[in-house]
Amino acid sequence: LRSDFAPRQGFFGSRFNMLLCFILGTALAVIHHLFYSYLDGKAISTESENNLRKQSIAKAIGNALAYLVKASFAFAISVAFVQQFWARLRRHKGGVPIKEIDVVADCKEGIATLSAFTAWYYAFWLFAMSALASSMALISIIVPGALKVASASLHASSPCSVNTVNLPNGSD
C-alpha cells in the first residue's frame, strides 16, 4: 500500500534536476576556466577588433559565468537538501520529534545559527549540505580576482620634448 507521503519520481523529478544542475555547473566552470586561460597574460585590448579582451567586457563575462556556476551548484545542493530532509523523516518508523525537525529545518538557512550545530548531531549530512551551500558564496568572492592581465607597454619611438620653467631663485 502506497502512502500519501511516499516520494513520487517522474523522469524529470528531483534526481534529474540535481544531475542537470550539477552537469550545467561543471560545464560552466570549465567554460569559465577556458575563458580565463585564453585571457591569461594577454594585454588589455582597447581597439574594437577583439571585444573579449576589453577589460570591462572580460570582467563582466567572467563574473556572469561565476554567478551561473554558483547558482547551478546551489540549486543542486538545495534540491539534495530537501530530498535528504524528507528521506530522514521517512526513515524513522516511530516518528521524529518536533525539536529535531525544527533544528534540521533551521539548518537550511545556513550554518551560522546555533541550531545548525545541533543539526550536526541529529543529521550530519544535512549539516554538511548546509555548510556546502554556505561555501558557494566563496565562488563569487574568489573567482573574479583570478584573472591576471598584462599591462600594455608604451614605448615612444620619437623624441619627446618636455617644457620646463626656469624660475629665478628668490633669495638673490
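Relevant structure appears above.
Below is a short write-up of the structure. Everything quoted here is computed from the prediction, not taken from an experiment.

## Focus: the overall build of the protein
Helices and strands together make up the secondary structure of the protein, namely 6 helices and 0 strands. Listing each helix as α and each strand as β along the protein from the N terminus yields α-α-α-α-α-α. Considering only residue pairs separated by 6 or more positions, the protein has 57% of its internal contacts joining residues 24 or more positions apart. Summed over all atoms, the accessible surface of the protein reaches about 12500 Å², with 64% contributed by carbon and sulfur.

## Focus: the side chain of S72
If you trace the backbone, S72 turns up in helix α2 (residues 55–91). What makes S72 buried here is its relative accessible area of 7%. Those residues in contact with S72 that sit more than four places away from it in its chain are C21, L24, G25 and L28.

## Focus: a nonpolar patch on the surface
Together, L19, F22 and I23 make up a nonpolar patch on the protein surface, roughly 310 Å² of accessible area in all. By the secondary structure assignment, I23 is in helix α1 (residues 14–39).

## A closer look at the packing of aromatic side chains
A full pass over the atoms with the stated rule returns 2 aromatic pairs. On the numbers, 5.9 Å between centres and 40° between planes, the contact of F22 with F73 is tilted. Of this pair, F22 sits in helix α1 while F73 sits in helix α2; the two residues are 51 residues apart in sequence, bridging distant segments of the chain. Judged by centre distance (6.1 Å) and plane angle (40°), the ring pair of F35 and Y36 falls under tilted. Of the two residues, F35 and Y36, both sit in the buried class.

Rules and cut-offs
Residues numbered from 1 in each chain as written. Predicted model: local features only at pLDDT ≥ 70, side-chain atom pairs only at ≥ 80, totals over all residues. Heavy atoms only, no water. Helix = DSSP H or I, 4+ residues; strand = E, 2+ residues; numbered from the N terminus. Contact = heavy atoms within 4.5 Å. Areas by Shrake-Rupley, 256 points an atom, 1.4 Å probe, with all protein chains shown as cover. Buried < 20%, exposed > 50% of the residue type's maximum accessible area, 1.4 Å probe, protein only. Patch = residues over 30% accessible without salt bridge, like charges linked within 9 Å, V, L, I, M, F, W, Y side chains within 5 Å. Salt bridge = Lys/Arg side-chain N within 4 Å of Asp/Glu carboxyl O. Phe/Tyr/Trp six-rings, centres within 6.5 Å; stacked < 30°, edge-to-face > 60°.

So, to be careful, I would describe these as geometric facts and stop short of saying anything about function.
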